[in-house]
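Observations on chain architecture
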Amino acid sequence: MDKVVALCKRRGFIFQSSEIYGGLNGFWDYGPLGVELKRNVRNAWWQDMVGSNDPWTVPDGAPTAYHMVGVETSIIMHPQVWKCSGHYDMFVDKMVDCRESKSRYRVDHVKGRWIEGKVGDAAPARLFLTAVADGPELDAALTQRALKLFGMRSKEADKLQWQSESTSLATLSFEQYGSVIGPEATQPGTLTAPRDFNLMFKTILGALGTDADAAFLRPETAQGMFVNFKNVCDSTRVKVPFGIAQIGKSFRNEITPRNFTFRSREFEQMEMEFFCHPSQSRQWYEYWRDFRYNWYVNLGIKSDRLQLRDHAQDELSHYSVGTADVEYAFPFLDEGEFGELEGVAHRGDFDLRSHMEGKLVKDAGGNLVVEQTASGEPKYRGSGKDLAYFDDQTREKFVPHVIEPAAGADRATLAFICEAYAEDSAPDDKGQMQTRVVMRFHPRLAPVKAAVFPLVKKDGQPEQAREIYLALKRAGIAAAYDEQAAIGKRYRRQDEIGTPWCFTVDNQTLVDGTVTLRERDSLEQTRIPATDVVAEVQRRLA
Ligand code: GAP
């Protein structure tokens, strides 16, 4: 992971936000190559979800053909949206404060191990030593902390008396907190009892600045589609089943943002709400689950680092009757652990009914009912608008069920970066094999599709190479031009940013009009007419 992060900074994929001021935790900037890569991820999603759809063709595995449209909705919405969606009450993480270090942690992010030892003058005790880290980093951090805490030297590490494997603080009861040494504390028992922390960023609308004017930055784009369900039905000719797609920024005040862009406070989602007849919702759920998994495979995540995992019943969100996650084994995780790339959820009619009737909860019989206050009033009132769908062919009126594939553009981009990173060997200018770093991006995602070089900076080669470069740009193909350094070095520079094809103008070009086409992955070199370069790249991208 360290190599990936270093490459992202060195080659201008991802920078820490506000870096010259020391950075801002949980916020990231995309550099010149990163912005192209992420735009390609977004475009691939939009093209495969919205652009390529037509209402007549039944896609493989789908129950029927369907309509698909897009929207772009506001980041700040009516506060009632979040009350009825459940986010106002339930979008919370458990957190603890440390009285000693004054830091705040998300309970499930604090990991630790039981160890027997003696802190200062105190009697030897069984302590739960913690750190905020995962995998090998966690082991290293805990060992360092234990040595320091017990005043031991590095070479005594094998004398540490560990009593358990590492586990999350969330697995401990509060009664055990007296033995816990917080991630930045020196004494046990300084963590407070866990309490709820709402992840929505609050802001104030207008100049008066009272709490009555409070609003929230959206924590998901999904609600923009639900509240516009009726507008879309009334303004277009879509018929159930149909989907509404959106790509946009979401914000969550994550307590412990970490693992590079994986968990950020500002991030981008690519979500689609698919409205269907309740009797077909299971089939559509299975269709979208498989479709979304295959989307990542088709864009190059072919390794066994990708998996589709069905949620256990007790993992399901408050609204969901079935969810599967597409997961990737990010390199910052423990061996065998996977991180969520995308959730595909069967949300039933929870969202549309909540926005009609008021916030819903499950009663003792498992039925969704409007949550009430002690005096029997609805806790949060819905819009009161009729969001049911009328099928004018069957004359049936019903509240559609919803299937939601919800992906993160930043997480997908990070997974594509991690999967692309490889080290192998390639010949240098003297024919000696040298280690090279190569980003094996799928050509659809590669930030630069083609690079053009003159072999030497004379004999009209730069002019001819620039002509090819400009022809690529005019055709809308992201291209690069480079005449600095030896040719092997220039190939290596393009390998490191994942450019699939390089074209070199050389002495033979001036004789027969051909250029060398060099492939990033196979390293194969062939010759093609200079006049065919644009068509060749277009053919390979198609
Ligand atoms: N509308 C459902 C929803 O928002 P989610 O699982 O909370 O579901 C969907 O979010 C996707 O958004 C996640 O799978 C992940 O890719 C991305 N995501 C969520 N929180 C994120 C964060 N703090 N940083 C980066 N991406 C995040």
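Along every chain, residues carry numbers that run from 1 in the direction the sequence is written. The model is predicted, so local features are restricted to residues of pLDDT at least 70 and side-chain atom pairs to those at 80 or more, both for listing and for counting; the totals for chains, interfaces and linings are taken over all residues. As a rule here, side-chain values come from all non-hydrogen atoms in the structure, and water together with hydrogens is ignored.

Some details on unusual backbone geometry
- Between Val-240 and Pro-241 the backbone carries a cis peptide bond, its omega angle lying at 5 degrees.
- A helix here means a DSSP run of H or I that spans at least four residues, while a strand means a run of E at least two residues long, and both kinds are numbered starting from the N terminus. For Pro-241, the position within the fold is in the loop between helix H7 (229-235) and strand E14 (242-251).
- At Arg-395, a position not held by glycine, the phi torsion is positive, near 60 degrees.
- When you line up the elements, Arg-395 lands in the loop between strand E21 (389-391) and strand E22 (396-398).
- Here's how the labels work: a residue is buried when its accessible area is under 20% of the maximum for its type, exposed when over 50%, partly exposed in between, all with a 1.4 Å probe on protein chains only. In this structure Arg-395 comes out as exposed when scored by relative accessible area, which is 58%.
- Phi angles above zero are rare outside glycine, and Asp-459 is one such case at about 60 degrees.
- Following the sequence through the fold, Asp-459 ends up in the loop between strand E26 (450-454) and helix H11 (461-474).
- The partly exposed category is assigned to Asp-459, whose relative accessible area is 47%.

A look at helix H9 (residues 350-357)
- Among the eight residues in H9, seven count as buried, and that is most of the element.
- Among the residues trailing H9, Gly-358 stands out with phi positive, at a value near 125 degrees.

Description of the packing of H11 against helix H14 (residues 533-541)
- Interhelical geometry of H11 versus H14 gives an angle of 45 degrees and a closest axis separation of 9 Å. With respect to each other, H11 and H14 are oriented oblique. The chirality of how H11 crosses H14 is right-handed. Judged by residue contacts, Ile-468, Ala-471 and Leu-472 of H11 engage Val-533, Val-534 and Val-537 from H14.
- Considered class by class, the residues forming the contact of H11 with H14 number six nonpolar, no polar and no charged. Lines are fitted to the C-alpha atoms to define the axes, a helix being fitted only along its stretch in contact, and any angle between axes, read from their N-to-C directions, falls within 0 to 180 degrees. Convention used here: angles under 35 degrees read as roughly parallel, angles over 145 as roughly antiparallel, angles from 65 to 115 as roughly perpendicular, and any remaining angle as oblique. For any pair of crossing helices, the crossing counts as left-handed if the nearer helix is rotated counterclockwise from the farther one by less than a right angle, and right-handed if it is rotated clockwise. Two residues qualify as a contact provided that any one of their heavy atoms is within 4.5 Å of a heavy atom in the partner residue. When residues are sorted by character, Ala, Val, Leu, Ile, Met, Phe, Trp, Tyr, Cys and Pro go into the nonpolar class, Asp, Glu, Lys and Arg into the charged class, and all the rest, Gly among them, into the polar class.

Section: the sheet that holds strand E11 (residues 195-198)
- When DSSP finds two or more bridges between a pair of strands, those strands are recorded as paired. Taken in spatial order, the three strands line up as E5-E4-E11 in an open sheet, and their pairing is antiparallel. Of all strands in the sheet, those bounded by a partner on one side alone are strand E5 (104-106) and E11. Between one strand axis and the next, the sheet turns through 50 degrees on average, direction left out of account.
- Examined bridge by bridge, strand E4 (residues 92-97) and E11 share four bridges and lie antiparallel to one another. The residue bridging Val-92 from the neighbouring strand is Asn-198, located in E11.

Details of the sheet that holds strand E30 (residues 525-529)
- Strand order in this open sheet of five strands is E27-E26-E28-E29-E30, and the pairing throughout is mixed. The strands lining the two open edges of the sheet, one partner per strand, are strand E27 (479-481) and E30. If you compare each strand with its neighbour and ignore which way they point, the axes differ by 25 degrees on average.
- The sheet strands contacting H11 are E26, E27, strand E28 (501-505) and strand E29 (514-519), and the helix crosses E26 at an angle near 165 degrees.
- Lying over the sheet, helix H12 (residues 487-497) contacts E26, E27, E28, E29 and E30, oriented at roughly 165 degrees with respect to E26.

Side note on the site of the ligand
- What makes a residue near a molecule or strand is one non-hydrogen atom of that residue sitting within 4 Å of it. In the vicinity of the ligand, 21 residues are found, and the nearest of them are Glu-220, Glu-254, Ser-264, Glu-271 and Glu-340.
- Within the backbone of Gly-408, a nitrogen or oxygen atom sits 3.1 Å from an oxygen atom of the ligand.
- Residue assignment for the shell around the ligand shows that the elements contributing at least two residues are strand E15 (266-276), strand E18 (339-348) and strand E23 (401-408).
- Taken together, the residues of the shell around the ligand sort by class into six nonpolar, five polar and ten charged. Distance and chemistry together define a polar contact, namely a pair of N or O atoms within 3.5 Å, with one atom able to donate a hydrogen and the other to accept it when in protein, and with adjacent residues in sequence counting only for side-chain atoms on both sides.

With respect to helix H10 (residues 409-420)
- Taking 1.5 Å of rise per residue, twelve residues should cover 16 Å, and H10 covers 16 Å from first to last C-alpha, within 8% of that figure.
- Counting buried residues in H10 gives eleven out of twelve residues, a clear majority hidden from the surface. By definition here, a helix of n residues has an expected span of 1.5 Å times n minus one.

Let's talk about the nonpolar core
- The definition of a nonpolar core used throughout is a set of buried Ala, Val, Leu, Ile, Met, Phe, Trp, Tyr and Cys residues joined through side-chain atoms within 4.5 Å. Formed by 64 residues in total, the largest nonpolar core has its most connected members in Trp-288, Tyr-296 and Phe-330.
- In terms of residue count, the dominant contributor to this core is H10 (eight residues).
- Boundaries of every domain are those given by an automatic assignment or by a domain database. Mapped onto the domain boundaries, this core takes at least three residues apiece from domain 1 (2-91 + 200-415) and domain 3 (448-541).
- The contact partners of Tyr-296, leaving out residues within four places of it in the chain, are Ile-301, Leu-306, Val-326, Leu-341, Glu-342, Ala-407, Ala-412 and Phe-416.
- Listed in part, the 27 residues of the second largest apolar core include Val-107, Ile-115, Leu-169 and Ala-185.

Points about the state of the cysteines
- The disulfide criterion is simple: two cysteine sulfur atoms within 2.5 Å. Across all of its chains, the model carries zero disulfides by this definition.
- The thiol of Cys-8 is not disulfide-bonded; the next cysteine sulfur, from Cys-418, is found 7.8 Å away.

Quick look at the domain arrangement of the chain
- As assigned here, the chain comprises domain 1 (2-91 + 200-415), domain 2 (93-197) and domain 3 (448-541).
- Between domain 1 and domain 2, the C-alpha centre-to-centre distance is 35 Å.
- Across the contact, ten residues belong to domain 1 and 14 residues belong to domain 2.
- Counting the surface lost from both domain 1 and domain 2, the interface buries some 1000 Å², and carbon and sulfur atoms represent 48% of this.
- In what follows, salt bridge is the name for a side-chain nitrogen of Lys or Arg lying within 4 Å of a carboxyl oxygen of Asp or Glu. Our count for the domain 1 to domain 2 interface comes out at two salt bridges.
- Ionic pairing is found between Asp-134 and Arg-258, a salt bridge with its closest N-O pair at 3.4 Å. Accessible-area loss on putting two parts together, using a 1.4 Å probe and summing over both, is the definition of buried area adopted here.

Some words on the packing of aromatic side chains
- Pairs were defined over the aromatic rings of Phe, Tyr and Trp, the Trp ring being its six-membered one, requiring ring centres within 6.5 Å. Orientation was assigned from the angle between planes: stacked under 30 degrees, edge-to-face over 60, tilted for the rest. On inspection of all chains with the given rule, the structure shows 31 aromatic pairs.
- Pairing Trp-28 with Phe-260 gives two aromatic rings, centres 5.0 Å apart and planes at 80 degrees, and the pair type is edge-to-face. Remark: Phe-260 occurs in the loop between E14 and E15 and Trp-28 occurs in strand E2 (residues 28-30); sequence separation between them is 232 residues.
- Since its relative accessible area comes to 25%, Trp-28 is described here as partly exposed.
- According to the relative accessible area criterion, Phe-260 is buried, its value standing at 10%.
- Ring geometry for Phe-262 against Phe-332: centres 5.5 Å apart, planes inclined by 65 degrees, an arrangement best described as edge-to-face. Highlighted residues: Phe-262 in the loop between E14 and E15 and Phe-332 in the loop between strand E17 (322-328) and E18, separated in sequence by 70 residues. In this structure, Phe-262 and Phe-332 share a single accessibility class: buried.
- Joined through ring pairs, the aromatic side chains of Tyr-66, Phe-274, Trp-284, Tyr-287, Trp-288 and Phe-291 make up one cluster.
- One cation-aromatic arrangement involves Lys-83 over Tyr-88; the distance from NZ or CZ to the ring centre is 4.9 Å.
- Over a ring means this: the NZ of a Lys or the CZ of an Arg is within 6 Å of the ring centre and within 35 degrees of the ring normal. The aromatic ring of Phe-262 is capped on one face by Arg-411, whose charged end is 3.7 Å from the ring centroid.

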